[in-house]
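Structural overview for review
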Amino acid sequence: MIKRLGYERDIDGIQYLLQLMKLEGISCNEDLFVIVINAYRRVGLAEQALKTFYRIGEFGCKPSVKIYNHVLDALLSENKFQMITGIYNNMKRDGIELNVYTYNMLLKALCKNNRVDAARKLLAEMSYKGCIPDAVSYTTVVSSMCRLGKVEEARELSMRIKSFVPVYNALINGFCREHKMEEVFGLFNEMAVEGIDPNVITYSTVINTLSVMGNVELALAMLAKMFSRGCSPNVHTFTSLMKGYFLGGRFCEALDLWNRMIQEGSEPNIVAYNTLIHGLCSYGKMVEAVSVSQKMERNGVFPNETTYSTLIDGFAKAGNLVGASEIWNKMITNGCLPNVVVYTCMVDVLCRNSMFNHAHRLIENMANGNCPPNTITFNTFIKGLCCRGKIEWAMTVLNQMGQYGCAPNATTYNELLDGLFNAKRTREALQIVGEMEEMEIKSNLVTYNTILSGFCHAGMFKGALQIVGKMLVGGAKPDSITYNTVIYAYCTQGDVKTAIQLVDRLSNKGEGYPDVFTYTSLLWGACNWIGVDEAIVYLDKMINEGICPNRATWNALVRGLFSKLGHLGPIHIVDDILANGKVT
Ligand SMILES: *[C@@H]1O[C@H](CO)[C@@H](O)[C@H](O)[C@H]1NC(C)=O
Ligand SMILES: *[C@@H]1O[C@H](CO)[C@@H](O)[C@H](O)[C@H]1NC(C)=O
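Described below are features of the structure shown in this document. (Residues numbered from 1 in each chain as written. Chains lettered and ligands numbered in written order. Predicted model: local features only at pLDDT ≥ 70, side-chain atom pairs only at ≥ 80, totals over all residues. Heavy atoms only, no water.)

1. Focus on the environment of Thr237
Here is the rule: By definition, any uninterrupted DSSP run of H or I lasting at least four residues is a helix, any uninterrupted run of E lasting at least two residues is a strand, and each is numbered from the N terminus. Burial classes: relative accessible area under 20% of the type maximum marks a residue as buried, over 50% as exposed, and values in between as partly exposed (1.4 Å probe, protein chains only). Note on contacts: a residue pair qualifies if any of its non-hydrogen atoms lie within 4.5 Å across the two residues. Each polar contact in these results corresponds to two N or O atoms within 3.5 Å; when the atoms are within protein, one needs to be able to donate a hydrogen and the other to accept it, and residues that are neighboring in sequence are counted only if both atoms are side-chain atoms.
One can find Thr237 in helix 15 (residues 235-247). With relative accessibility at 1%, the residue Thr237 sits in the buried group. For the pair Thr237 and Val141, spaced 96 residues apart in the sequence, the C-alpha separation amounts to 26 Å. With near-sequence residues (within four places) excluded, Thr237 lies in contact with Val200, Ser204, Ile207, Leu223 and Met226. A polar atom in the side chain of Thr237 sits 2.9 Å from the backbone nitrogen of Asn234.

Shown next as structure tokens:
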């Protein structure tokens, strides 16, 4: 009866029966007590379980290691760390011999509270007391060390023990989080040497990391290896690969993979559905994304806040306020409270529809409700304002951030700088740069590139070159945007020769540089300052390098050709043709 009541979560009933047993002098055995403690655990009343445990003698039962373990488990499930320590001391005092389950629970408690050093000590004590640590003991400690970024140390610990797959998995996961793939493959080799087979978790972890890193090809090779070792992929494996395809711009293959997963009988879980929805949204396929969210509900997987925020973000990016609002309403109807991410997406979509007053009011609602805005919310608002040239308003918002407990960071200032430069308000932009320095906010690559391009467009070529110098001194590595801005600037100055030299110097590095933008600048510069024949040389060169000219490239060239022929008149006709995409 107590067991049944436990399943029914009827704690009063259990207490009544226990009392009755006591009155009638029926003693309670170990198993019954375990059932009682688990019933408390199930309803989240660990402290109550502990109180009952202290009265164990009244029910004619003696505390055993098994009962202790269940009490510990109940306390651990609510992370009542202090009480766990107390129980441990009690056990020692009562001379109860701890078994491997006890130790594992104590290890988990320590690790959950980030006390890995104490956990390692306990691990040592365990061996010393003759209780051999098992896979769970080691995995608990190793994965907790990895979580705290002590992967190398965890690796050392693991080398001194008999290895288990879960321990390897924890280590591989640790190295994957740091994208140290060489170490990961090293561990794979080590497993092979030791004759330990990686399991589906091992493979999926690596496939997921490779996918996130944009290396779908290698992820697929991993999948092949997995098949060849007779290990079947699961939902997690498929989902990771699908994410990789989406990220790599391989939309159709992502959908094929989803269909294949369904055909193979894998039941998609919430993570799989959310990944699919995210992928569809990132390609602007909002109708499909919404239909997947309805389908998942029909299949008994209920959309959660991630699902809703992904959909709202998708609609926001498309500037579709109606779509975003519908999802918002649906989310509320389904009892899911909007979080700061969802609110921020709504701020975004309102800004994209120029409804700045609404956006402002929404932020105030957030601050008055239980969901205070964060830096990202304000960055979104400021970006929206700057995009529509509402710079004054954006500046006001910047100054108000502090009242909401949010600090502006480099991203905030980058948005403002971009807005100011676009509005040709160079002087104020420079003031902002000064303010950043005062506040000790470090400029990042985007900051430098924004200033650089701002200077170039304002014709401040010398200043632009100084920025590049400052950037190199400041330790920000220039990227292709930096280079292209400089090359474009040289070309506008008529110094095409220097631009060409710079491109030659940079192209030896072989990092996807020069690209279509570089060549378009060169072509345009050559047409304007040297001659169309020189421009054609660069057209050939880019095509030979496998870089496909885009509309702007052809535009520059056609303009060059027309001006050479002296037929300035028909240029708008060419523009029309190009705009309709008929020439390419
Ligand atoms: C919602 O689903 C995602 C998986 O996409 C998961 O990471 C997240 O923890 C879930 N959120 C909640 C509140 O359960
Ligand atoms: C600014 O803060 C937001 C939120 O904390 C963060 O996402 C963003 O990466 C930060 N930007 C920079 C440049 O650190």
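2. Describing the state of the cysteines
Where we set the bar: For this text, the term disulfide refers to a pair of cysteine sulfurs within 2.5 Å.
Enumeration according to the criterion identifies zero disulfides in this entry. Distance from the sulfur of Cys336, which forms no disulfide, to the nearest cysteine sulfur (Cys371) is 12 Å. For Cys336, a relative accessible area of 13% translates into the label buried. Of all cysteine sulfurs, the one in Cys386 lies closest to Cys387, which takes part in no disulfide; the gap is 7.3 Å.

3. Observations regarding helix 9 (residues 135-147)
Formally: Helix span, expected: 1.5 Å multiplied by one less than the number of residues in the helix.
With 13 residues, helix 9 extends 18 Å between its outermost C-alpha atoms, agreeing within 8% with the 18 Å of an ideal straight helix rising 1.5 Å per residue. Here helix 9 lies mainly inside the structure; ten of its 13 residues are buried. For helix 9, the set of buried residues is Ala135, Ser137, Tyr138, Thr139, Thr140, Val141, Val142, Ser144, Met145 and Cys146. N-capping of helix 9 is provided by Asp134, with a side-chain oxygen placed 3.1 Å from the backbone N of Val136.

4. Details of the side chain of Asn484
Checked against the element boundaries, Asn484 lands in helix 29 (residues 480-493). Owing to a relative accessible area of 11%, Asn484 belongs among the buried residues under this scheme. Side-chain polar atoms of Asn484 contact the side chain of Asp515, separated by 3.2 Å. Not counting the four nearest positions on each side in its chain, Asn484 is found in contact with Tyr513, Asp515, Phe517 and Thr518.

5. Examining the site of ligand 2
The condition is simple: Whether a residue is near a molecule or strand depends on its heavy atoms: it is near if one of them lies within 4 Å of it. Only the protein chains shown count as cover for residues, and the accessible areas themselves come from Shrake-Rupley with a 1.4 Å probe. Charged means Asp, Glu, Lys or Arg here, nonpolar means Ala, Val, Leu, Ile, Met, Phe, Trp, Tyr, Cys or Pro, and polar covers whatever is left, Gly included.
Every residue lining ligand 2 is accounted for by Thr375, Ile376, Asn409, Ala410, Thr411 and Asn444. In this structure, a nitrogen atom belonging to ligand 2 sits 2.7 Å away from a side-chain N or O atom of Thr411. Burial of ligand 2 by the protein chains amounts to 47% of its free accessible area of 360 Å². Residues belonging to the shell around ligand 2 are distributed by class as follows: two nonpolar, four polar and no charged.

6. Overview of the nonpolar core
The criterion, for reference: For this analysis, a nonpolar core means a set of buried residues of the types Ala, Val, Leu, Ile, Met, Phe, Trp, Tyr and Cys, connected via side-chain atoms within 4.5 Å. Domain ranges listed in this record stem from an automatic or a database domain assignment.
Ranked by size, the top nonpolar core spans 190 residues in total, and within it Ile67, Val206, Phe381 and Leu522 carry the most contacts. Two domains share this core, each providing at least three of its residues, namely domain 1 (1-97) and domain 2 (504-584). Not counting the four nearest positions on each side in its chain, Phe381 is found in contact with Val347, Cys351, Phe356, Ala359, His360, Ile363, Trp393 and Val397.

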